[in-house]
Amino acid sequence: MSESIPAADTLSRRTFFNGTAAVAGVGGLVLGAGGALAGTAAKAPAALSDVDLMAQRATLSYPFYGGHQAGIETPPQDHLVFTAFDVTALTAVELQLVLAKWSAAMAELTAGAPVGKIQPEREQGIPVDTGEATDMGPQGLTLTLGFGPSLFDERFGLEKFKPLNFADLPAMAGESLNPALMGGDLCIQACANDPQVAYHAVRNLARMARTAVRTKWTVLGFGRASAGAAQSTPRNLMGFKDGTRNASGGVDFDEHVWVGDEAGQPWMVGGSYLVARKIHMLIETWDEDPIGDQQSIFGRDKKQGAPLSGTAEHDVPDFHATVDGTPVIAADSHIALAAHENNNGLKILRRGYNFTDGLDSVGRLDAGLMFLSFQKSPEQFITLQRKLGSSDRLNEYIRHVGSGVFAVPAGIPAAGSYYGKEFFA
Ligand code: HEM
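Residues numbered from 1 in each chain as written. Predicted model: local features only at pLDDT ≥ 70, side-chain atom pairs only at ≥ 80, totals over all residues. Heavy atoms only, no water.

The condition is simple: UniProt positions are given in the numbering used here, feature names are shortened, and annotations may be inferred rather than shown by experiment.
Identification of the chain as Deferrochelatase from Arthrobacter psychrolactophilus is taken from an unreviewed UniProt entry. Recorded in UniProt under Function (unreviewed entry), the annotation for the chain is "Involved in the recovery of exogenous heme iron. Extracts iron from heme while preserving the protoporphyrin ring intact."

Here it is as structure tokens:
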């Protein structure tokens, strides 16, 4: 990792607020960063067969530039920092500069580089990068940016860029939402194999835009609660394997995850919609529930993760199997309600994480699932959640407390551009 990135340093706060001219400068910075990144991304995974697992994980980097943003199809990393922001800037130019500056910095961060000088030469110099990820490597960091429906209100004149049918999620059963954990004009999903690297990225992005955006809500996640291709299935805090059946592979992604023309916005072609739900678990109550009931609630065996109609984790659930006339997988179990077989083929990509916030005000465990899903239309989530919220036996043990929906633009195809550039042409 280099000690400083001269190009990023030149993008001082003064430049940031210097109007449109600065955006051209930012474009140049992206170009510089992209050259460095392309090399890093190309050589990382293949050259690592003789190093140990830790070093491999540290040096793993995913390409920043491409048709889709990283952090969606990317095999889930171990840690998450999810943060939603409100834009406090008063002008479109300030917003434009945040997006340009973030895009450039994201390219640096995902390559494992700092966003500027960690140790300025002058005694009075203020570090540009806060420094806590120094020498830690990229750690598979991905940074996924989303735009909330509120970004497209009248403040910045972006109404005509709003995707079709893009709105805050409707109220649904099973919610106990906290207004402090809802919405946001922007969001960043930072995932990495080291929590400090993910935290450093969001901290520095927030810091460089602090006069233009305000952090609204944030969730630190661990123990990924989903699996990508070739990954073993992890467990959620209820002790069940989570992520066994998920959208996967090219066809599922094209059919269920990547947005095409239907959003009516060229900038969304190749993008997706991110639904974020902070779901509190009533863990003490769950822990006293007999194993038979726990398994019947999910429709799966706890240890193997097998559907109750089968013996191995990846057996296809048989929702018609009965014993003495009683369905083996209860019709109101979580998987019976959520499975694509019972929802006209509907799938979503779940990419959530466990979270804990310590104890609540009365000393109970404050923990649960930071549910994150990607889909080509928010309607996919709404359809599933309407069903789950009204009938799922799991509802007795969970409360949805935080919520947001974000339009995730397509990736930046190559250096020289930035997220949202189309808004300001
Ligand atoms: C704290 C809340 C939740 C927990 C603990 C949870 C846990 C689980 C578990 C253990 C499975 C079975 C393993 C697997 O196939 O991954 C599963 C499956 C699934 N869940 Fe959830 N889930 C939660 C919330 C949700 C929500 C909010 C949705 C969508 C609205 C959802 C959608 C699904 C889907 C689509 C499946 C796959 C069903 C199948 O095809 O068999 N889950 N979940």
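From this point on, the discussion continues.
### With respect to the pairing of strand S11 (residues 398–408)
Which entries qualify depends on this criterion: Each residue is placed in one exposure class: buried if its accessible area under a 1.4 Å probe, protein chains only, is under 20% of its type's maximum, exposed if it is over 50%, and partly exposed if it falls in between. Here a strand is any run of E in DSSP of at least two residues, a helix any run of H or I of at least four, and the numbering for each starts at the N terminus. Think of it this way: DSSP has to see at least two bridges between two strands before they count as a pair.
The buried fraction of S11 is high, at ten of eleven residues. One ladder, built from ten bridges, connects strand S5 (residues 272–281) with S11; its direction is antiparallel. In the sheet register, His280 faces S11, and the bridge partner there is Arg399.

### Looking at the environment of Lys376
Rules: Whether two residues are in contact is decided by their heavy atoms, any of which lying within 4.5 Å being enough. Here a polar contact means two N or O atoms within 3.5 Å. Within protein one must be a hydrogen donor candidate and the other an acceptor candidate, and residues neighboring in sequence count only if both atoms are side-chain atoms.
Its location among the elements puts Lys376 in the loop between strand S10 (365–375) and helix H11 (378–391). Sequence separation of Lys376 and Val259 is 117 residues, and the distance between their C-alpha atoms is 4.7 Å. Not counting the four nearest positions on each side in its chain, Lys376 is found in contact with Asp254, Glu255, His256, Val257, Trp258, Val259, Glu262 and Tyr273. At 3.2 Å, the side chain of Lys376 and the backbone oxygen of Asp254 are in polar contact.

### Here we look at the nonpolar core
As a reminder, the rule being used: Buried Ala, Val, Leu, Ile, Met, Phe, Trp, Tyr and Cys residues that are joined via side-chain atoms within 4.5 Å together make up what is termed a nonpolar core. These domain limits were set by an automatic method or by a database of domain assignments.
Counting residues in each nonpolar core, the largest one holds 76 residues, and the members touching the most others are Trp102, Leu143, Phe147, Phe152, Leu186, Ile188 and Leu205. Per-element tally for this core: the top contributor is helix H5 (residues 92–110), with nine residues. Both domains that meet at this core, namely domain 1 (6–170 + 178–229 + 245–261 + 409–424) and domain 2 (283–405), each give it at least three residues. Setting aside residues no more than four positions away along its own chain, Trp102 makes contact with Phe85, Leu145, Leu186, Ile188, Leu205, Met208, Ala209 and Val213. Listed in part, the 24 residues of the second largest apolar core include Val219, Trp258, Ala276 and Phe406.

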